[in-house]
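Coordinate analysis (summary)
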Amino acid sequence: MPRAGLTADRLVAAAADLADEVGFDNVTLSALARRFGVKDASLYSHVKNLQDLRTRVALLAGGEMIDHIAAAVAGRAGKEALAGFAEAYREYALRHPGRYAAIQIPVDQDLLAGAPALRRTAEITYGMLRAYGLEEPDLTDAVRLLRSTFHGYCALEAGGGFGAPRDVRRSWEKAIDALHTALTHWPREEPPSR
């Protein structure tokens, strides 16, 4: 019988908080059960297993992150939108390291297909890039460039990987300037003929 007050949503939110505290890889059902003062078995009424819990945390975090990004790009276009997107991305990644790590895990494509956060992420990201006049297949390439740049930078920064005396914030701003230049002068590829 499910414990009163224990819900899947509460478990997932607590797991996301725990991930930020101890690292996503250290989130276990036992640690979560201890947080609620229940036995591990009590959680199985709400989540199937650890993988199910981790997937739910990934979807929660993805939704939170895109909401944060959406607020930052609202009413902006071009370089202003790119800078807002980048700042919100970096801020979320550094403020919520466990949640951000969850976003990086592979998630079953069938689950993603029905996830509103994924659709919203695509709409906001592709909408921002269309202001640069990009269409497919260039859109996909540009999304991959942005994601790899933002993720790489945030991972290096969080891990203390920038040892030079140059201010990390200034380097970040230069990276955004460089991305804007790259997007403005994108080497366009003709869409495949049908």
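Coordinates for the structure precede this section.
Residues numbered from 1 in each chain as written. Predicted model: local features only at pLDDT ≥ 70, side-chain atom pairs only at ≥ 80, totals over all residues. Heavy atoms only, no water.

1. Section: a negative patch on the surface
On the surface, Glu135, Glu136, Asp141, Glu189 and Glu190 cluster together into a patch of negative charge. Secondary-structure assignment places glutamate 135 in the loop between helix H7 (116-130) and helix H8 (138-158). Residue class for glutamate 135 comes out partly exposed when judged on its relative accessible area of 48%. (Patch = residues over 30% accessible without salt bridge, like charges linked within 9 Å, V, L, I, M, F, W, Y side chains within 5 Å. Areas by Shrake-Rupley, 256 points an atom, 1.4 Å probe, with all protein chains shown as cover. Salt bridge = Lys/Arg side-chain N within 4 Å of Asp/Glu carboxyl O. Lys, Arg positive; Asp, Glu negative; His and termini not counted. Charge placed at Lys NZ, Arg CZ, Asp CG, Glu CD. Helix = DSSP H or I, 4+ residues; strand = E, 2+ residues; numbered from the N terminus. Buried < 20%, exposed > 50% of the residue type's maximum accessible area, 1.4 Å probe, protein only.)

2. Some words on the layout of surface pockets
With a probe scaled to a water molecule rolled over the atoms, the places where space remains empty come into view. The calculated volume of the largest pocket comes to roughly 840 Å³. Lining of the largest pocket is provided by 27 residues; of these, Ile103, Leu118, Thr121, Val143 and Arg147 occupy positions nearest its centre. When contributions to the lining of the largest pocket are tallied by element, the ones reaching two or more residues are helix H3 (50-73), helix H4 (78-95), H7 and H8. The residue inventory of the lining of the largest pocket, partitioned by class, reads 19 nonpolar, six polar and two charged. Taken as a whole, the second largest pocket spans an internal volume of roughly 160 Å³. Asp9, Val12, Ala13, Asp52, Thr55, Arg56, Leu59, Leu60 and Leu111 together form the lining of the second largest pocket. Mapped onto the lining of the second largest pocket, the elements with two or more residues apiece are helix H1 (8-22) and H3. Take the lining of the second largest pocket: its biggest share by element is five residues, from H3. Class assignment of the residues belonging to the lining of the second largest pocket gives a composition of five nonpolar, one polar and three charged. (1 Å grid on protein atoms, 1.4 Å probe; cavity = no way out; pocket = protein on both sides within 12 Å on 5 of 7 lines; lining within 4 Å. Points joined across faces, edges and corners; volume = space filled by probe spheres on them. Nonpolar A, V, L, I, M, F, W, Y, C, P; charged D, E, K, R; others polar.)

3. Quick look at H4
Structural remark: α-helix, 3.6 residues per turn; residues separated by three or four positions point the same way. For H4, which comprises 18 residues, the first-to-last C-alpha distance of 26 Å matches the rise-based estimate of 26 Å (1.5 Å per residue) to within 8%. All of the buried residues along H4 are Gly78, Ala81, Leu82, Gly84, Phe85, Ala86, Ala88, Tyr89, Arg90, Tyr92 and Ala93. Summarising the contacts, the buried residues of H4 are in contact with H3, helix H5 (97-103), H7, H8 and helix H9 (168-184). (Expected span 1.5 Å × (residues − 1). Contact = heavy atoms within 4.5 Å.)

4. Focus: the environment of aspartate 40
If you trace the backbone, aspartate 40 turns up in the loop between helix H2 (29-36) and H3. On the basis of relative accessible area, aspartate 40 is assigned to the partly exposed category, the value being 31%. Sequence separation of aspartate 40 and serine 30 is 10 residues, and the distance between their C-alpha atoms is 5.5 Å. Discounting chain neighbours no more than four positions away, the residues touching aspartate 40 are Leu29, Ser30 and Ala33.

5. Some details on unusual backbone geometry
Note the cis peptide between glutamate 136 and proline 137, where omega equals 5°. Secondary-structure assignment places proline 137 in the loop between H7 and H8.

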